[in-house]
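# Inside the fold
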Amino acid sequence: AQRVTQPEKLLSVFKGAPVELKCNYSYSGSPELFWYVQYSRQRLQLLLRHISRESIKGFTADLNKGETSFHLKKPFAQEEDSAMYYCALSSSGGYNKLIFGAGTRLAVHP
Amino acid sequence: EAEVAQSPRYKITEKSQAVAFWCDPISGHATLYWYRQILGQGPELLVQFQDESVVDDSQLPKDRFSAERLKGVDSTLKIQPAELGDSAMYLCASSAPDRGMGEQYFGPGTRLTVT
């Protein structure tokens, strides 16, 4: 079964500390992975996708097929990074669909 | 900047009543999605449209839920009759054909409370 697991419901760090939001997936095939973010009182929005291999707002994520992981990292957290983060997997076959994890709330304290 | 519109933003209804949600995607986005998000969980796809056609409704409880996108533009999701377990956030999203389905634009959602 295709599944996305985000083991932490809440990650609390201080400003300037490194951040790693964990995401593990199960998928039989070649996956496409995404991170979506929802800031307070805003809409859910795409943060980054693994095929772009880019850094957005200082965040990066590397797809590790061996460990079936797609962890989101940032070396120095900022207060404005506080938000809900969702990892998502694109399933294959026909019209693809996104499968979301349960999300991790990141709280960055001053 | 174009955004996905949804209405109403909040809806309180009694169980066994009918309820309907509306979504207007970004102009030119052929693919439209309805998700349900239960508190503490991630969004779960209920139905996906490509233009006016349903391409995935495998998770839609078809005994009580229905969705349509008659002209391939805006869409309506209906629940009849509503049950207590339907209380959730209902999200609409759309995607452009040249950006891949993974890049979805979400609306603000409709928070449904069934009493």
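For the structure itself, consult the block above.
Here's what I pulled together on the structure shown here. Treat the numbers as computed from the prediction; the structure is a model and nothing was measured.

### Details of the nonpolar core
Judged by nonpolar contacts, the single largest core of 26 residues is most densely connected at Trp 35, Leu 47, Leu 48, Phe 70, Leu 72 and Tyr 85 of chain A. Sorting the residues of this core by element identifies β2 (10–14), β3 (19–21), β5 (32–38), β6 (45–49), β9 (83–90) and β11 (104–109) of chain A as the ones contributing at least two each. Of all the elements, β9 of chain A adds the most residues to this core, at four residues. Tyr 85 of chain A has contacts with Gln 6, Leu 21, Trp 35, Tyr 36, Val 37, Tyr 39, Leu 47, Phe 59, Leu 72, Gly 103, Thr 104 and Leu 106 of chain A, leaving out every residue within four places of it along the chain. Counting 20 residues, the second largest nonpolar core, distinct from the first, contains Val 4, Leu 46, Leu 60 and Phe 65 of chain B.

### Concerning the interface of chain B and chain A
Often the size quoted for an interface is simply the accessible area lost on bringing the parts together. With 23 residues of chain B in contact, the opposing surface of chain A contributes 16 residues. The contact between chain B and chain A buries some 1600 Å² in all, and 54% of this surface belongs to carbon and sulfur atoms. Applying the counting criterion to the chain B and chain A interface returns three salt bridges. Across the salt bridge formed by Arg 49 of chain A and Glu 103 of chain B, the nearest N and O atoms sit 3.4 Å from each other. If you look at where chain B meets chain A, you find seven residue pairs in polar contact (both at pLDDT 80 or more). Of all the secondary structure elements, the ones that give two or more residues to the side of chain B that touches chain A are β4 (31–37), β5 (44–50) and β6 (53–56) of chain B. Looking at the side of chain B that touches chain A, the element that brings in the most residues is β5 of chain B, giving three residues.

Cut-offs applied
Residues numbered from 1 in each chain as written. Chains lettered and ligands numbered in written order. Predicted model: local features only at pLDDT ≥ 70, side-chain atom pairs only at ≥ 80, totals over all residues. Heavy atoms only, no water. Core = buried A, V, L, I, M, F, W, Y, C linked by side-chain atoms within 4.5 Å. Buried < 20%, exposed > 50% of the residue type's maximum accessible area, 1.4 Å probe, protein only. Helix = DSSP H or I, 4+ residues; strand = E, 2+ residues; numbered from the N terminus. Contact = heavy atoms within 4.5 Å. Buried area = accessible area lost by both parts, 1.4 Å probe. Salt bridge = Lys/Arg side-chain N within 4 Å of Asp/Glu carboxyl O. Polar contact = N/O pair within 3.5 Å; in protein donor to acceptor, adjacent residues only side chain to side chain.

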